[in-house]
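A look at the structure
The residues making up each chain are set out below.
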Amino acid sequence: MNRVFDPSDKYYQTGGSLNHNARSYVIRQADDELIKNLEAREYCYIFNARQMGKSSLRVRAMNKLKDKGFSCAVIDMTEICTDKVSKEDFYSTIISQLVAYFKIDIQEKDWWDKKRTNFMFGLIEFIQEVLLEKVNQNIIIFVEEIDRIIEVEFKDEFFNFLRSCYNKRDNNDKYKRLTFALLGVATPFDLIANNKITPFNFGQEIELTGFKIEETEPLQNGFKELKEKISDPKAVLEEVLFWTGGQPYLTQKVCQIILSKYSGIQNNQENTTIKQGKEKEIIEQLVQHNIINNWMKNDSQKNLLTINDRLKNSPYCKQLLTIYKQILEGKEIKLDKNNRIHMEILLSGLVVESDRKLKIYNRIYESIFNQSWIDETERENISSSSEQNNSELETEVEKLYEGLKAGDFCYVLSSQLPDKDEFFKEINNYLEAKNTQFVIINSDKIYEESNRRQFDWKARGQWYLSVAKIINKKFGLNSQTENFNINDWWRNNKDSATDPNQGQELLINYIETQLLKIEKEHNIIIIFDSISFSENGKDDYRLFDIINGFDFQDEIFNLLCSCYERRRENSDFEKLTFLLLDVIVDSECIPPDVKNITIGWRINLGNASEQQAKPIITHGLNKKFNNVKYEIMLDRISYWTSGHPFLTQQLLKIVLNDVTSGQQENYIDYIDKLVKRQITTPFKNA
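Being a predicted model, the structure only gives us computed values, none of them experimental.

Thresholds applied
- Every chain begins its residue count from 1, and numbering advances along the sequence as written.
- Local features in this predicted model are restricted to residues of pLDDT 70 or higher, and side-chain atom pairs are both shown and tallied only at a pLDDT of 80 or more, whereas totals for entire chains, interfaces and linings draw on every residue.
- Here the side-chain values reflect all heavy atoms present in the structure, with hydrogen atoms and water set aside.
- Going along the chain from the N terminus, every DSSP run of H or I of four or more residues is numbered as a helix, and every run of E of two or more is numbered as a strand.
- Only protein chains enter the calculation, and the probe is 1.4 Å; a residue is then buried if its accessible area is under 20% of its type maximum, exposed if over 50%, and partly exposed in between.
- In this description, accessible areas are obtained by the Shrake-Rupley approach with a 1.4 Å probe, and a residue is regarded as covered only by the protein chains that are shown.
- Both cavities and pockets are sets of points on a 1 Å grid over the protein atoms alone; in a cavity a 1.4 Å probe fits but cannot get out, in a pocket the set is open with protein on both sides within 12 Å along at least five of seven lines, and lining residues sit with an atom within 4 Å of a point.
- Grid points are joined across faces, edges and corners, and a volume is the space filled by probe spheres set on the points.
- Each residue is assigned to one of three groups, with Ala, Val, Leu, Ile, Met, Phe, Trp, Tyr, Cys and Pro labelled nonpolar, Asp, Glu, Lys and Arg labelled charged, and all others, Gly among them, labelled polar.
- Salt bridges are identified by distance alone: a Lys or Arg side-chain nitrogen within 4 Å of an Asp or Glu carboxyl oxygen.
- Strand pairing is assigned whenever DSSP detects at least two bridges linking the two strands.
- Here a residue-residue contact requires only that any non-hydrogen atoms of the pair lie within 4.5 Å.
- Note on definitions: angles span 0 to 180 degrees between N-to-C directions of axes, and those axes are lines fitted to C-alpha atoms, for helices only across the stretch in contact.
- Aromatic rings from Phe, Tyr and Trp, with only the six-membered ring used for Trp, were paired whenever their centres fell within 6.5 Å, and each pair was classed as stacked if the ring planes differed by under 30 degrees, edge-to-face if by over 60, and tilted otherwise.
- Put simply, angles under 35 degrees are roughly parallel, angles over 145 are roughly antiparallel, angles from 65 to 115 are roughly perpendicular, and the rest are oblique.
- Two helices crossing with the near one rotated counterclockwise from the far one by less than a right angle form a left-handed crossing, whereas a clockwise rotation gives a right-handed crossing.

Attention now goes to the overall build of the protein chain. When helices and strands are counted, the protein chain shows 31 helices and 12 strands. Relative to its 686 residues, the protein chain shows a buried fraction of 49%. Looking at the protein chain as shown, the accessible area adds up to about 35000 Å², and 44% of this sits on carbon and sulfur atoms.

What follows is the structure, encoded as structure tokens:
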């Protein structure tokens, strides 16, 4: 006897986690892979966009594993990582949740009070002395919403705890019974910021994809309840997937819209039918009316708004829009998992990976996040940038400072002199405001000093000694160490160096035995400003190509690599960070015979936008003209320079110095002719 369909019985679910026995739960390949790997006691992680069914997957896997004799628990970072959570509250709450899940009989408060001297080690001891002693089964701990920990300042410590549990399996069999599974909206390189710590590179990634038609029998069964009104449930599902691309939330939502309409409960409409062959037309109408039209109002579970806000509020908004526009235009973009922008746009949920390429997830997203949406977002982004007074530069400085504070070796190499100089000023001011210990090594200053004091600036040893002197003077080591003289120290230690002519070994020795021993309380940043030389305006001399056999280029980068590698053996070097700045491009700076520099990251300085350049140009024009329509001249200058700092200032200077500039009627033609006469033609004839 067939069950009578009850319209109030919601077969599909569009919010929250699905129960492990929910009738509309779709089993995907990830379900089997997760259970299989956890049964094998492999650490696992599922990192994906929101509303992709991660929590529902966890609920089902946890239930299945319990049936197989595993003891499971869930740590929900949403409950723990509140604003400004303290380290003690963070670790004690984790222990409380584990005690509750595993029903461990322990005087928790008394036990914790004895371990409060080091909170992370308190959790380690709880795992080893309590959990693994009192729970005899294999243990699986799911960590939900792992992305919530990204903003916590001690997140690196927590992931070190996970790595510690993983590594202890080699020497302690009890740890082989303990397995963690992480779920959230994150990428592996989000999880550990400090590159002094080994990256998050352990565990098995579980790939979570959208629904495929062959997996959707549970969804088709919901339509079979209305077999008199829906002729071909599979054909209906195929049209649903045509619009949703199998995105779990959207698929369940469209199915619920169909079920509600054709059960006669939506707005008291009369019952209708979806006849065979009419599926395409009817589903398109339902999707357009109920989702795409007025999408902000209809987005009850904020799937679309989450994508919209994540992209618009991202610090990488401009780059994300650029790459999304290319995808929307049908250009082929190969996925690079080491590319931050690729991973960011994947995590937004707007695009997915298909055959190692990026593509828009589905036609609903393509219809909503269209070219008009891109144009509107770009206008908002430009307006926001203008109001924040060079916010892009400030953001880059802040990101750079956070990297330096975390111990990252950084470098800023640019072909744009004014932009780089302004950037350096911002860095200098920012470090001073943060009371950070830093010293600036300016190669041009060393060259000037050599002229005054008549020493050979081309000699390696003399150059490195000059660097040591600058550091010594900055940190006042002479006054802090009795009878210390840098010249005497350098001369006395030459004999112990394996290559006394080189100087690099002596400089590292000086840093290790003097600088880092005396400056014990502070992190130190050594900034090399200008790692290339020029003499009399010519590029005849460069730091890395001064004399045949004196390859300073190799040595500068090998110096960084050597200091970085010494962190493994000497923790004092963890306090030392380098920053390189210069007006130079990579091909000039890093030759093929130097090993790849993988220890730091670079800051790319782009051209100024029209909105950023406008105040500078207008200010310049105001000095000379009173009644000129500046917008016309501004637009034409921006047209020719595209915001390039040096070219913009040069063209502005030419305009201001031209005696005929205030007598023009057509300022577009005037700027065009000026560029041709003063810039392009002389360059071609040079």
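Throughout the structure, instances matching the rule amount to five cavities of 30 Å³ or more. Take the lining of the largest cavity: its biggest share by element is three residues, from helix H14 (residues 303-312). Residues belonging to the lining of the largest cavity are distributed by class as follows: five nonpolar, six polar and one charged.

On to the layout of surface pockets, then. Approximately 550 Å³ is the volume attributed to the second largest pocket. Lining of the second largest pocket is provided by 27 residues; of these, Gly16, Gln51, Met52, Gly53 and Ser56 occupy positions nearest its centre. The set of elements that each furnish at least two residues to the lining of the second largest pocket consists of helix H2 (54-67), strand S4 (178-184) and helix H11 (248-262). Partitioning the lining of the second largest pocket into residue classes produces eight nonpolar, 13 polar and six charged.

For the rest of this paragraph, the subject is the pattern of salt bridges. Across all of its chains, the model carries 15 salt bridges by this definition. For aspartate 147, the salt bridge is made with arginine 50, and the minimal N-O distance between the two is 2.8 Å. Taken together, the residues aspartate 147 in the loop between strand S3 (139-144) and helix H7 (155-167) and arginine 50 in the loop between strand S1 (44-47) and H2 connect sequence positions 97 residues apart. Overall, aspartate 147 belongs to the buried group, its relative accessible area being 12%. A single network of salt bridges, built from pairs that share partners, joins Arg50, Glu145 and Asp147.

Reading across the sheet, the five strands line up as S2-S3-S4-S1-S5 and stay open at both edges, with parallel pairing between neighbours. Each of the sheet's edge strands pairs with one partner strand only, and the pair in question is strand S2 (71-76) and strand S5 (204-205). Examined bridge by bridge, S1 and S4 share four bridges and lie parallel to one another. Looking at S4, one finds that phenylalanine 47 is bridged to glycine 184. Each of S1, S3, S4 and S5 touches helix H1 (residues 29-39); the most contacted strand, S1, lies at about 155° to it.

Turning next to the environment of lysine 275. When you line up the elements, lysine 275 lands in the loop between H11 and helix H12 (279-292). Put simply, lysine 275 and valine 236 are 39 residues apart on the chain and 9.9 Å apart in space, counted from C-alpha to C-alpha.

The full count for this structure, using the stated rule, is 21 aromatic pairs. For the pair tryptophan 489 and tyrosine 510, a centre-to-centre distance of 5.8 Å together with 70° between the ring planes defines the contact as edge-to-face. Of this pair, tryptophan 489 sits in helix H24 (residues 486-493) while tyrosine 510 sits in helix H25 (residues 504-518); the two residues are 21 residues apart in sequence, bridging distant segments of the chain. The residues tryptophan 489 and tyrosine 510 share a single accessibility class, namely buried.

Turning next to the packing of helix H10 (residues 233-244) against H12. Orientation of H10 relative to H12, taken along the N-to-C sense of each, is 45°, at an axis distance of 9 Å. Our classification of the angle between H10 and H12 gives oblique. In terms of crossing hand, the pair formed by H10 and H12 is right-handed. Between H10, through Ala235, Val236, Glu239, Val240, Phe242 and Trp243, and H12, the contact on the second element is made entirely by Glu279, Lys280, Ile283, Glu284, Val287, Gln288 and Ile292. Here the residues of the contact of H10 with H12 are counted per class, giving eight nonpolar, one polar and four charged.

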